[in-house]
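# Fold and geometry: a report
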Amino acid sequence: MQKIKWGILGTANIAAYGMIPGMKFADNCELYAIAGRNPAKVLNFKNKYGFEKAYNSYDELLADDAVQAVYIPLPNHIHLEWVTKALKAGKHVLCEKPLALNEAQAREMFQTARDCNRILMEAYAYLHSPYIQSLKNDIKNGLIGEVNYIETAFVTQGYKEDFRLHKEFGGGAMYDLGCYCTTMILSTIESEIEQVKAVAEFSEPGVDFLTSAIIKFKNGARACFDVGMILGENSNSRFDRLYIHGTKGNIKSDVEYNQSGELTYFVTTTDGIQKRKIFAPQNYTLEVEQLGRCILQGEKPHISPEFSIKNARLIDSVLKEIGW
């Protein structure tokens, strides 16, 4: 099988615990190059994970003609800069969520991708999961009727020192966690948004620490979500919830976002309660393989530019409501 030579810009934790292990299982992926600004850390990544090349600057990696695609797990506030540079260097790009700090940035990046004839996809690994696809198929097949209400939450721990605590770095609960909730909602309710209302508690560094929002859609459906970084500091505490109500029944899940393994959710209708058990491989593997097929076989990105722009617009609306 033909393989895409991948480079990674940065030695972020998500690359270490999520993306790189996922890449190792991807049939059409070759771990080729790693770049970072800390030489010792870059060398450690090269030796530990088996990269062929290691660079001490992002520009050096982008100058390597052998690199066909790059994964960008950098802090949110510099996504625009490095996505743009990567595309102009002729690389296909998978950029960690949230792709952009606002809709205007998202539109600019996708326009650059079109101008450069390269693929840009936002990294929402969980949306590639067969667990999510099964849930959506139950909805598409009319099992719970028309969706009229969604409630979801993603609440996790705070951090003592982290870029997510700083507004200038694109930190806060909405950017870090809320984007999971908004993408789940937007991928389930196919309607334009009519109204958004939101409130937030802000932490001392000035980022939203706890945000709650209500969304009303033009087709009459509604959704609400809660996101926060309030469950202690640097702990493993976490709370996830997903409830989808329809005109004929409902779906409930307490599975954490972006999980793999044997996962379950429950479908309740007039016929009773059905328990679904779905085996989900590592979502990062599925994500990388899908973008690889886009490059090699002409598939359309599972996370489309239109979807990413719509999601960025919704996040903009929430942040405006909370006075960001």
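Presented here is a report on the structure given in the accompanying data block.

Reading the values: the criteria
Residues numbered from 1 in each chain as written. Predicted model: local features only at pLDDT ≥ 70, side-chain atom pairs only at ≥ 80, totals over all residues. Heavy atoms only, no water. Core = buried A, V, L, I, M, F, W, Y, C linked by side-chain atoms within 4.5 Å. Buried < 20%, exposed > 50% of the residue type's maximum accessible area, 1.4 Å probe, protein only. Helix = DSSP H or I, 4+ residues; strand = E, 2+ residues; numbered from the N terminus. Contact = heavy atoms within 4.5 Å. Pairing = 2+ DSSP bridges. Axes fitted to C-alpha atoms, helices over the stretch in contact; angles between N-to-C directions. Parallel < 35°, antiparallel > 145°, perpendicular 65-115°, else oblique. Nonpolar A, V, L, I, M, F, W, Y, C, P; charged D, E, K, R; others polar. Expected span 1.5 Å × (residues − 1). Bend = angle between axes of the 7 residues up to and from the residue. Phe/Tyr/Trp six-rings, centres within 6.5 Å; stacked < 30°, edge-to-face > 60°. Lys NZ or Arg CZ within 6 Å of the ring centre and 35° of its normal.

## Considerations on the nonpolar core
Counting residues in hydrophobic clusters, the biggest one holds 79 residues, and the most contacted among them are Trp6, Ile8, Met23, Tyr71, Leu94, Phe225 and Ile244. Per-element accounting of this core gives the leading share, ten residues, to helix H7 (residues 173-186). Every residue in contact with Phe225, bar those within four places of it in the chain, is listed here: Thr152, Met174, Cys181, Thr182, Ile185, Thr211, Ser212, Ala213, Ile215 and Val318. Ranked by size, the runner-up nonpolar core spans 29 residues in total, among them Leu62, Ile72, Leu74 and Leu80.

## As for the sheet that holds strand S5 (residues 92-96)
Read across the sheet, six strands follow the order S3-S2-S1-S4-S5-S6 without closing on themselves; strand pairing throughout is parallel. Two strands close off the open sheet at either side, each with one partner strand: strand S3 (53-55) and strand S6 (120-123). Going across the sheet, the axis of each strand differs from the next one's by a mean of 25°, ignoring polarity. For strand S1 (residues 4-9) and strand S4 (residues 69-72), the ladder comprises three bridges, and the chain directions are parallel. Bridge pairing in S4 links Gly7 to Val70.

## Points about the pairing of strand S10 (residues 222-233)
Both strand S7 (residues 147-158) and S10 contribute to a ladder of nine bridges, which runs parallel. In the sheet register, Ala153 faces S10, and the bridge partner there is Asp226. Strand direction decides the pairing type here: strand S9 (residues 208-217) and S10, joined by seven bridges, are antiparallel. In the sheet register, Ser212 faces S10, and the bridge partner there is Asp226. Taking the residues that link successive antiparallel strands as the turn, the S9-S10 hairpin has four residues, and the phi of Gly220 there is positive, at about 100°.

## Some remarks on unusual backbone geometry
Cis geometry is adopted by the peptide bond preceding Pro98, which originates at Lys97 and carries an omega value of -15°. Inspection of the secondary structure puts Pro98 in the loop between S5 and helix H5 (103-116). Even without a glycine there, the phi angle at Asn258 is positive, about 70°. Note that Asn258 resides in the loop between strand S12 (249-253) and strand S13 (261-269).

## Some points on the packing of helix H4 (residues 79-88) against H5
The geometry of H4 relative to H5 is characterised by a closest axis approach of 9 Å and an angle of 5° between their N-to-C directions. Taken together, the axis directions place H4 and H5 in an arrangement best described as roughly parallel. Together, His79, Leu80, Val83, Thr84, Leu87 and Lys88 of H4 and Gln105, Glu108, Met109, Thr112, Ala113 and Cys116 of H5 make up the contact between the two elements. Taken together, the residues of the contact of H4 with H5 break down into six nonpolar, four polar and two charged.

## Describing H7
In a regular helix each residue adds 1.5 Å, so 14 residues correspond to 20 Å; H7 covers 18 Å between its end C-alpha atoms and thus fits that length. The principal kink in H7, of about 40°, is found at Cys179. Taken across its 14 residues, H7 has 14 buried, putting it largely inside the fold.

## Considering the pairing of strand S11 (residues 238-246)
Remember that side chains alternate between the two faces of the sheet whenever the strand is regular. In the sheet, S7 pairs with S11 via nine bridges, with the strands oriented antiparallel. Looking at the pairing, Tyr149 lines up with His245 of S11. Relative to S12, S11 runs antiparallel, the two being bridged by four bridges. Within S12, the position partnered with His245 by the bridge is Asn250. Here S11 folds back onto S12, and the loop between the two strands holds two residues.

## What to know about the sheet that holds S12
If you trace the eight strands from one edge of the open sheet to the other, you get S8-S9-S10-S7-S11-S12-S13-S14, paired in mixed fashion. Both outer strands of the open sheet, strand S8 (193-202) and strand S14 (272-280), are each paired with one neighbouring strand and no more. Direction aside, the axes of adjacent strands within the sheet are offset by 15° on average. Sitting on the sheet, helix H6 (residues 130-140) is in contact with S7, S11, S12, S13 and S14, with an inclination near 15° to S13. This element, H7, spans S7, S8, S9, S10 and S11 of the sheet and lies at about 150° to S10.

## Considerations on the packing of aromatic side chains
Geometrically, a pair of aromatic rings is defined through the distance of the ring centres and the angle of the planes. For the structure on display, the rule yields 13 aromatic pairs. Taking 6.1 Å as the distance between ring centres and 85° as the angle between the ring planes, the aromatic pair formed by Tyr175 and Trp324 counts as edge-to-face. Of this pair, Tyr175 sits in helix H7 while Trp324 is found in the segment after helix H9 (305-321), placing the two residues 149 residues apart along the sequence. Here Tyr175 falls in the buried class, since its relative accessible area comes to 5%. In this structure Trp324 comes out as partly exposed when scored by relative accessible area, which is 26%. Here the aromatic residues Tyr124, Tyr126, Phe154, Tyr180 and Tyr257 are joined through ring pairs into a cluster of three or more. A cation sits over an aromatic face here: Lys85 above Trp82, 4.1 Å from the ring centre. In this arrangement the basic side chain of Lys167 is found over the ring face of Trp324, its NZ or CZ atom lying 4.9 Å from the centre.

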